[in-house]
Amino acid sequence: MTGGTDGGTRATTRTGRPLACVVVNPSKPRATAAVRSLLEDELHEAGYAGPVWLETSVSEPGTMQARLALAAGASLVVAAGGDGTVRSVAAGLAGTGAQMGIIPLGTANLAARNLGVPVGDTRAAARVVAHGVDLPADLAWVRTEPWSDPGALPDPTPPDDPRGRADSAALTDRAAAAPPDSPPTAADPADSRQLSAEAARAVRTIQRATRRPHQWTRPTLGDEHACMVVAGIGFDAGLVASTRPALKARVGWGAYALAAMENLSSPRMDLVLSLLDEAGARRFERLRARNLLVANGGRLPAGITLLPQARTDDGLLDVAAIDTVAGLAGWSSLARQVLPPYAAHYSESGRSLGRVVLRRGGEVAVQLSAPALVEVDGDLLAPTQSMRVRIDPGALLIRRPAA
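Everything numeric in this text was worked out from a predicted model, so none of it was measured.

From N to C terminus, the protein chain includes 11 helices and 16 strands. Of the contacts formed within the protein chain by residues at least 6 apart in sequence, a portion of 73% connects residues at least 24 apart. Taken as a whole, the protein chain presents about 17,300 Å² of accessible surface, with 53% of it coming from carbon and sulfur.

Attention now moves to the packing of helix 1 (residues 33-45) against helix 5 (residues 122-131). For the pair helix 1 and helix 5, the least separation of the axes is 9 Å and the interaxial angle reads 30 degrees. Regarding the angle of helix 1 to helix 5, the classification is roughly parallel. Crossing geometry of helix 1 relative to helix 5 is assigned as right-handed. Across from Val-35, Leu-38, Leu-39, Glu-42, Leu-43 and Glu-45 in helix 1, the residues of helix 5 making contact are Thr-122, Arg-123, Ala-126, Arg-127, Val-129, Ala-130 and His-131. Partitioned by chemical class, the residues of the contact of helix 1 with helix 5 number 7 nonpolar, 2 polar and 4 charged.

Counting 62 residues, the largest nonpolar core has Leu-43, Met-100, Ile-103, Met-228 and Leu-396 as the members making the most contacts within it. At 6 residues, strand 3 (residues 19-24) tops the list of elements feeding residues into this core. One finds Met-269, Leu-271, Val-366 and Leu-368 within the second-largest nonpolar core, a separate group that totals 26 residues.

What follows deals with the pairing of strand 9 (residues 230-234). Burial runs high along strand 9: 5 of the 5 residues are buried. Relative to strand 12 (residues 291-295), strand 9 is paired through 5 bridges, and the arrangement is antiparallel. The residue bridging Gly-232 from the neighbouring strand is Leu-293, located in strand 12. Sheet topology note: the strand 9/strand 15 (residues 363-376) ladder contains 3 bridges and is antiparallel. Its bridge partner being in strand 15, Gly-232 is matched across the sheet by Glu-375.

This part takes up helix 5. For helix 5, a buried count of 7 out of 10 residues is recorded, marking the element as mostly surrounded by other parts of the structure. Considered for burial, the residues of helix 5 that qualify are Thr-122, Ala-124, Ala-125, Ala-126, Val-128, Val-129 and Ala-130.

Secondary-structure assignment places Val-142 in strand 7 (residues 133-146). Given a relative accessible area of 0%, Val-142 falls into the buried group. Taking the C-alpha atoms as reference points, Val-142 and Cys-227, separated by 85 residues in sequence, lie 6.9 Å from one another. Once residues within four sequence positions are removed from consideration, Val-142 is found in contact with Asp-223, Glu-224, His-225, Cys-227, Ala-231, Val-376, Met-387, Arg-388 and Val-389.

Counted according to the given criterion, the structure contains 16 salt bridges. Between Glu-42 and Arg-127 there is a salt bridge; the shortest N-O distance is 3.9 Å. Of this pair, Glu-42 sits in helix 1 while Arg-127 sits in helix 5, placing them 85 residues apart in sequence. Judged by relative accessible area, which is 8%, Glu-42 ranks as buried.

Here Arg-360 is to be found in strand 14 (residues 354-361). There is a polar contact of 3.3 Å between the side chain of Arg-360 and the backbone oxygen of Gln-309. At 3.0 Å, the side chain of Arg-360 and the side chain of Asp-318 are in polar contact. Residues in contact with Arg-360, not counting those within four places in the same chain, are Leu-275, Asp-277, Glu-278, Gln-309, Asp-314, Leu-316, Leu-317 and Asp-318.

Looking down a regular strand, the side chains alternate between one sheet face and the other. Across 8 bridges, the pairing between strand 10 (residues 269-276) and strand 11 (residues 282-289) is antiparallel. Its bridge partner lying in strand 11, Val-272 is registered against Arg-286. Counted between consecutive antiparallel strands, the loop separating strand 10 from strand 11 contains 5 residues, among which Gly-280 sits at a positive phi close to 85 degrees.

Right, let's talk about the side chain of Ser-386 for a bit. Residue placement: Ser-386 occurs in strand 16 (residues 379-400). Classification of Ser-386 by relative accessible area gives buried; the value is 17%. In this view, Ser-386 contacts Arg-143, Thr-144, Glu-145, Val-366 and Gln-367; residues no more than four positions away in its chain are not counted.

Turning our eyes to something else, we now look at the confidence of the model for the protein chain. Interpretation of the predicted coordinates at a detailed level should be avoided for regions scoring low in pLDDT. Averaged over all residues, the pLDDT of the protein chain is 80; the fraction at 70 or higher stands at 69%. In the model, residues 1-10 has pLDDT below 50 throughout and makes 24 contacts with residues more than four positions away in sequence or in other chains. Note on residues 152-190: pLDDT is under 50 here. Beyond four places in sequence and across chains, it has 62 contacts.

Moving on to unusual backbone geometry. The omega torsion of the bond from Gly-50 to Pro-51 falls at 5 degrees, within 30 degrees of zero and hence cis. Position of Pro-51 among the secondary structure elements: in strand 4 (residues 49-55). Notably, Asn-109 is not glycine yet its phi reads approximately 50 degrees, a positive angle. Inspection of the secondary structure puts Asn-109 in the loop between strand 6 (99-104) and helix 4 (110-115). For Asn-109, a relative accessible area of 3% translates into the label buried.

A few words on the environment of Arg-282. Position of Arg-282 among the secondary structure elements: in strand 11. Judged by its relative accessible area of 33%, Arg-282 falls in the partly exposed class. Here the alpha-carbon distance between Arg-282 and Gly-361, two residues 79 residues apart in the chain, equals 9.4 Å. The contact partners of Arg-282, leaving out residues within four places of it in the chain, are Ser-274, Leu-275, Leu-276 and Glu-363. Within the local environment of Arg-282, its side chain forms a polar contact with the side chain of Ser-274, the two groups lying 3.1 Å apart.

Rules behind the numbers
- Residues numbered from 1 in each chain as written.
- Predicted model: local features only at pLDDT ≥ 70, side-chain atom pairs only at ≥ 80, totals over all residues.
- Heavy atoms only, no water.
- Helix = DSSP H or I, 4+ residues; strand = E, 2+ residues; numbered from the N terminus.
- Contact = heavy atoms within 4.5 Å.
- Areas by Shrake-Rupley, 256 points an atom, 1.4 Å probe, with all protein chains shown as cover.
- Axes fitted to C-alpha atoms, helices over the stretch in contact; angles between N-to-C directions.
- Parallel < 35°, antiparallel > 145°, perpendicular 65-115°, else oblique.
- Left-handed = near helix turned anticlockwise from the far one by under 90°.
- Nonpolar A, V, L, I, M, F, W, Y, C, P; charged D, E, K, R; others polar.
- Core = buried A, V, L, I, M, F, W, Y, C linked by side-chain atoms within 4.5 Å.
- Buried < 20%, exposed > 50% of the residue type's maximum accessible area, 1.4 Å probe, protein only.
- Pairing = 2+ DSSP bridges.
- Salt bridge = Lys/Arg side-chain N within 4 Å of Asp/Glu carboxyl O.
- Polar contact = N/O pair within 3.5 Å; in protein donor to acceptor, adjacent residues only side chain to side chain.
- pLDDT = per-residue confidence, 0-100.

The following block contains the structure:
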């Protein structure tokens, strides 16, 4: 299909024009013939041959199609779909130097929002794909250990209790050897009783979430899940599990807001956070939170900026441990700190009913005392008690607006 190169890195067809391929999710209502025609016209005008269209499926959500596009000689591979399609295509292109474009056709479109790609205007997005500039972007990789016995109650001992799991004990042994600013390594009996209740609630939450048939997302490559924007544990994953696909198709982002209301009683998680910080030092910290986010970007729909420092090209992961107290009052306090016109101007953690602890680093490990659901860019992973996230700096070359 290809006839050589243009003297640089781009493969060309026999006509001398670089080849473009589009990996499209045909299940998206917005993946219409009109959208395909619009994108084809923009690519032809920009001098591309093709495009060759490769459709995704449930079993092959985009990584294989991206690799096929590269094998065919494509210099530009476009992901047309939601965040699941975007992250799958990104996994297939990571580290290859190929140019990647995005046509956001999903509900949240988190990757497009955080990369500055127009959302809700397909013509503008197509122009960016055809005429934008190529800029580097990071890609995160997430690994979890699936919880093997969803019918049993986990050991409710805290992760720093010697009676607990061996892996939790190993983490806290290292925490005890850490500098003096490390978290305490002992819990009093009241903490244990509280954790036991929260552990039971965590199991019940998972059981409720899994009553509906879920097809847990398979690892993208090897045993890791590609992540463009965010991996969430707790409330965030419960929200994804509770969102009804039919409602999401009708009302879009509003379906997530309704699901959020259903998850306001999400149990607190007791966890040990291991972080490779910006200085290259390993730090351990014990936290309690209803929601833990490990993110490569901080922008959400509806103008919400949850993590104002998070960037897709800084080689760092941003961690937010989010907790609330006093029921609905706590969630209201948190909402006042993140909803427009505010840009995540958080109160001092100890003084607010909605509490957020922020950390940054290049690699993150989380050990949970009780199992919890995990979501990666809106795709649901099986329940787990451990998660590791690493960042691959500059792994992608993504087409952005020229401005």
